[in-house]
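Observations on the three-dimensional arrangement
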Amino acid sequence: MLASSSSVLRRQHFLVRSLCVGGCGNRKRLHDIRSMACYAEAENILRAIIPPLDRSKYKGQAGKVAVVGGCREYTGAPYFAAISALKIGADLSHVFCTKDAAPVIKTYSPELIVHPILEESYNIRDEEKEQISVKVLAEIDKWLERFDCLVVGPGLGRDPFLLGCVGQIMSHARQRNVPIVVDGDGLFLITENPDLVNGYHLAVLTPNINEYKRLVKKVLNCEVKDQDAHQELQLLAKQIGGVTIMRKGKSDLISDGDIGNG
Ligand SMILES: NC(=O)C1=CN([C@@H]2O[C@H](COP(=O)(O)OP(=O)(O)OC[C@H]3O[C@@H](n4cnc5c(N)ncnc54)[C@H](OP(=O)(O)O)[C@@H]3O)[C@@H](O)[C@H]2O)[C@@H](O)CC1
Ligand SMILES: Nc1ncnc2c1ncn2[C@@H]1O[C@H](COP(=O)(O)OP(=O)(O)OP(=O)(O)O)[C@@H](O)[C@H]1O
């Protein structure tokens, strides 16, 4: 594994261990004390993960992030993911999106680097598809190893051709040990094909309530049981080979399958 990936892995494990998760117990007093501890802990965690300004560093060393997302319908979600990375300290933030989403995303911010490389089925002929997917892969391969993290899915949409290309992008990222955060329609893609992330310890899934339901149904073959939320999440993460899952909701829960506090 690459050195850079090891440091990211360490940071991931630190987060999994230290994030205060929901379900802080039933007794109110205990809950209040733990809630206060949550805020203090959250501030410490944020301080620890935001790269400090350092005169000896140059642009890029505080993080290069790429978002794969954004299609004809959705331009807001990839913008927020990419700009948030910059706002918490990353130096460079890229967006790989469809050709028609790109000019819109560019107008939101001159700070983002926007690559109009993805295609949806409506815009191309069947006989062009193979050639186009090769071209998309070649375009992103030029950049992949430079990224500290790939965020896959915000506003991707569900076009099968586009999702097929994105699945290949994920496989290439995985071969190069690039950490991947999977959100939005990226979760739709990996629910269809969990092998894309199965066993990849540098993958973090961030499902909302619907995305989580679909994942549980597909992987555990049952409905979500809120009374066993922690164990269920732990089992799900374990079943997908130790990926980290952050289940979003009233209380966010996080587990990598190994740690009993998920
Ligand atoms: N401003 C932006 O750019 C925004 C962009 N966004 C982006 O949108 C993408 C989807 O995210 P989301 O949160 O709407 O999806 P989610 O909670 O799974 O489902 C909610 C309900 O919608 C339905 N549904 C969804 N897609 C469908 C489809 N193609 N065709 C049919 N049904 C579909 C779904 O139905 P179901 O699949 O459960 O049958 C469920 O009932 C994701 O990439 C996100 O980043 C959002 O963050 C919003 C702001
Ligand atoms: N019922 C809730 N009460 C309080 N906070 C919530 C609740 N549900 C979600 N959140 C918070 O909102 C954040 C976003 O979760 P949400 O379930 O809306 O995900 P999402 O649909 O992926 O969001 P987005 O609109 O950014 O795509 C979560 O991290 C969580 O902290």
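So, here's what we can say about the structure. These numbers were taken from a predicted model, which means no experiment stands behind them.

1. Things to note about the site of ligand 2
- Around ligand 2, the structure places A77, G184, N208, I209, K248, G249, K250 and D252.
- Here the shell around ligand 2 is built from residues that sort into two nonpolar, three polar and three charged.

2. Points about unusual backbone geometry
- For N177, which is not a glycine, the phi torsion comes out positive at approximately 55°.
- By C-beta crowding, N177 is classed as partly exposed, having 18 other C-beta atoms within 10 Å.
- In this structure, N221 takes a positive phi of about 60° despite not being glycine.
- When you line up the elements, N221 lands in the loop between α8 (209-219) and α9 (229-239).
- Take N221: there are 8 C-beta atoms within 10 Å of it, and that puts it in the exposed class.

3. A few points about the site of ligand 1
- Near ligand 1 you find 14 residues, and of these Y74, G76, A77, G184 and N210 are the closest.
- If you list the elements that add at least two residues to the shell around ligand 1, you get α3 (76-87), α7 (184-192) and α8.
- Partitioning the shell around ligand 1 into residue classes produces four nonpolar, seven polar and three charged.

Conventions and cut-offs
Residues numbered from 1 in each chain as written. Chains lettered and ligands numbered in written order. Predicted model: local features only at pLDDT ≥ 70, side-chain atom pairs only at ≥ 80, totals over all residues. Near = placed C-beta within 6 Å. Nonpolar A, V, L, I, M, F, W, Y, C, P; charged D, E, K, R; others polar. Buried ≥ 20, exposed ≤ 12 C-beta atoms within 10 Å, placed from the backbone. Helix = DSSP H or I, 4+ residues; strand = E, 2+ residues; numbered from the N terminus.

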